[in-house]
Every structure is written in C-alpha cells, then in structure tokens.
Amino acid sequence: MLWIPGPTEVRPEVLAECTRPMIGHRSQACSDLIASLDPGLRLAFGLEAKSTSSVAVHTTSATGLMESALHGVGPRVLSIVGGAFAKRWAQIAGSMGKQVETLEVEWGRSVDADSLREALTERGPFDAVTLVSNETSTGVRTHLDRIAEVLRDFPDTLLLVDLVSYIAGAPVDFDTNGIDFGLAGVQKAFALPPGISVCCASDRFLVSAREQRDRGSYLDPVSFIEGHVARKTPSTPAIGLYYALAKQLEDISTGVTLPAADHGLVGAAAWFARFAKHERLQARTVEWAHGHGLELLPAADDASPTVSCIRAGGLDVGALTAGLSERGFEISNGYGPLKGQTFRIGHMGDHTEAGLEQLLSAADEVLAAL
Ligand SMILES: Cc1ncc(COP(=O)(O)O)c(C=O)c1O
C-alpha cells in the first residue's frame, strides 16, 4: 500500500478506465471526453462561476507544465526556493535563458510575506514569480492568500504556482488567490496513474503568453490550452488516462470517494468534504507522531494537509521504512539533504481514515521492535 507522497494508491475502478477500448483522438467521442473534464477541473481549481480562466490537460508530467508555464512569461523571474521542487522552477527557468533571481527560504519554513514584498520591491521588476504551494520535499504548505495580498501591489508580475501535491487535497481558490498559471500532475491527491497533467491559466497569462516569442512547440501553453478549449488536442493525448481522470473527477464531484458520513454531498460541497478528510488524516498523523515523541519539520501553521514530513530524531529511518515495507506499507525517507533526518507519509487522494489506522499500527509495531 503506497503511503509515499505520490504516486499514491489508485482505486481499481479508476485503473480499469485506462483499459477501455481506444477511440480516435479526432473523433467526436474524444472531443466529448475532453469536454467532460472541465466541470470537475473547474471545481478542483476553485474557479468562480463567472471566471474566464481556462482549464486544460496535457500529456506530460508536471515538470513539463512547469516549463510550459515559463514559456508564457517574460524573462525576469523570481523563484521562491524553500525545497527541492521550488528549486526545480529556478533550474528550468535558468535552462530556458530567463534572468532568474531566487528568494531563498529555509527548508521547512514557508515564505513570509514581508520578504517577498522586499524582494519584489528591491530586486524587481519581475515578469513572474514562481512558487510551490505544497513542497513535497519538506511537507510545507504556502499560504497562497498571503502571497496574493503582496502580489496585488505588483500588478505586472504574474504568479505561476506548482499545485502538484496540493490540488484535490486542499482548496486552490485560483481567482481569489490571483494565480495566473497553476499546474499539477495527477498522481498525487487526484489519485490517478501518472502521465498527464492539469492546469489553469488566467486571461492575462494567455495575453502574456501570446506575446512571447520562441515558445517551443509541444510545451507551448497557447497551443495546448487552445487545443483543449477547442476539444482538439494538438497531438495525440493519453486517452486511457483521460478516461481515468474523467471518472475520478465525476466520482469526487458526486461524493463517491468520501467516507460514508459524507455520502450525498455533491459539487463544491463534495470537494470541500474531500479537503476536510485530508485535514483529518494530517491531524491524526501528527497526533501519532507526537505520541512517539516526534515532531513535524514545519511549524504547525505551515504543515501540509497531504504530506507529513516528520523529524526522525534518533530514529533509524531506513529501518522504519524497511520494517513497514515488510508489512506491506511504503512510506518515504527524507528528500535530498533531509534523507535520514526526516521521513514522509503521504496521506492523500483516496486514502481513508481506517487505512491510516492500519498504517500507524504497523508503524507502532516496527517502532516497538526497533
Ligand atoms: C511539488 C512537486 N512539484 C513537481 C513535481 C514533479 O512532478 P513530475 O515528476 O510529475 O514531473 C513533484 C513530484 O513529486 C512534486 O512533488
């Protein structure tokens, strides 16, 4: 059972969608399939009813869409870097010839609004800010509302947000938080097999993108977003994964994936109940860690609802993960420089509270043996 911070467990009925008979990607059936994704995606991104922002899907992993987002903005980029995936934004921007500045944040901490304001004021102007909403390497969530408040004073700077291990696990509020391009792979809180990514682009992102030269081809955001909107993807999509996404969005939106107590909830209410379940999974994981004298890496206010990154103290992380593996549960060691110092539990997607209890009692057993 996968309790790593993604890919996570996929329900058998969702996996089965990937094996449906193939259809032509220029057929009406495929156009209908693409169109069927939009209502669920709009709920996932938390779009307001009147929002003119565009949702889209592309056959690439999330890293591809990070590159794509950067094709749509001017050369001056400020990357907020407090973990491995935030650093990836800066590296991709650098590899594309952008003038990248970084705002370094201690790993395990969330960026504070004052330092962002200072960087934008003293080192700007910037065409775009990049950030990770939920840093999978450290289990830190960024407070998007605090970022939005700062960026309101810098109207020419676009906000590009990696929502990879956050969306479908917590509310995005794309419009309210002034996001211009939000992206995610689907193997995290959407609980799907990897291989496709979803995004949402604001109107002003698309205006900016159309002005950029040399946007490439496969990752040109204008091309694949316009293709999605026209229900004709520029190249052959991973149709099996589109079927799986359609089913999962429908199931989330109709409450099928919720605990019995929440059955009957539909639409936004069902999505909010999904987010509440993630909060409960996180709270229980923290309670368990505290019971063993262990602390989270981030401060409580910055702790991710989907990935708990726990300080190991004197614990042998390799022995813990191996002991759990023998019992059929996979969790993750710390990422990069945090290896051996932390371990991570991904409590996301369609995992249940009963399932978490099984993992935690197996972990109790392993810790007792250690
Ligand atoms: C926060 C975050 N961003 C980006 C990525 C990269 O995603 P992918 O491997 O799908 O390209 C990951 C993968 O774990 C991630 O956790």
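The following paragraphs examine the structure supplied in this document.

What counts as what
Residues numbered from 1 in each chain as written. Predicted model: local features only at pLDDT ≥ 70, side-chain atom pairs only at ≥ 80, totals over all residues. Heavy atoms only, no water. Pairing = 2+ DSSP bridges. Helix = DSSP H or I, 4+ residues; strand = E, 2+ residues; numbered from the N terminus. Axes fitted to C-alpha atoms, helices over the stretch in contact; angles between N-to-C directions. Contact = heavy atoms within 4.5 Å. Salt bridge = Lys/Arg side-chain N within 4 Å of Asp/Glu carboxyl O. Buried < 20%, exposed > 50% of the residue type's maximum accessible area, 1.4 Å probe, protein only.

Reading across from one edge, S1-S9-S8-S7-S4-S2-S3 is the order of the seven strands in this open sheet, with mixed pairing throughout. The open sheet has two edge strands, strand S1 (54–58) and strand S3 (99–104), and neither has a second partner. Strand after strand, the sheet turns through a mean of 20° between neighbouring axes, direction not considered. Relative to strand S7 (residues 158–162), strand S4 (residues 128–132) is paired through five bridges, and the arrangement is parallel. What sits directly across from Leu-131, in S7, is Val-161. Sitting on the sheet, helix H3 (residues 62–71) is in contact with S1, strand S2 (76–81), S4, S7, strand S8 (181–185) and strand S9 (197–201), with an inclination near 165° to S8.

As a further point, take the pattern of salt bridges. Evaluation of the coordinates by the stated rule reveals 19 salt bridges. One salt bridge in this structure joins Asp-127 and Arg-76, with 2.8 Å as the shortest N-O distance. With a gap of 51 residues between them, Asp-127 in the loop between helix H5 (113–123) and S4 and Arg-76 in strand S2 connect regions that are remote in the sequence. According to the relative accessible area criterion, Arg-76 is partly exposed, its value standing at 32%. Put simply, Glu-226 and Arg-210 hold a salt bridge, and the shortest N to O gap is 3.0 Å. Within this pair, whereas Glu-226 is found in helix H8 (residues 221–229), its partner Arg-210 is found in helix H7 (residues 203–211), the two being separated by 16 residues in sequence.

In short, the description is geometric, and any link to function would need to be established separately.
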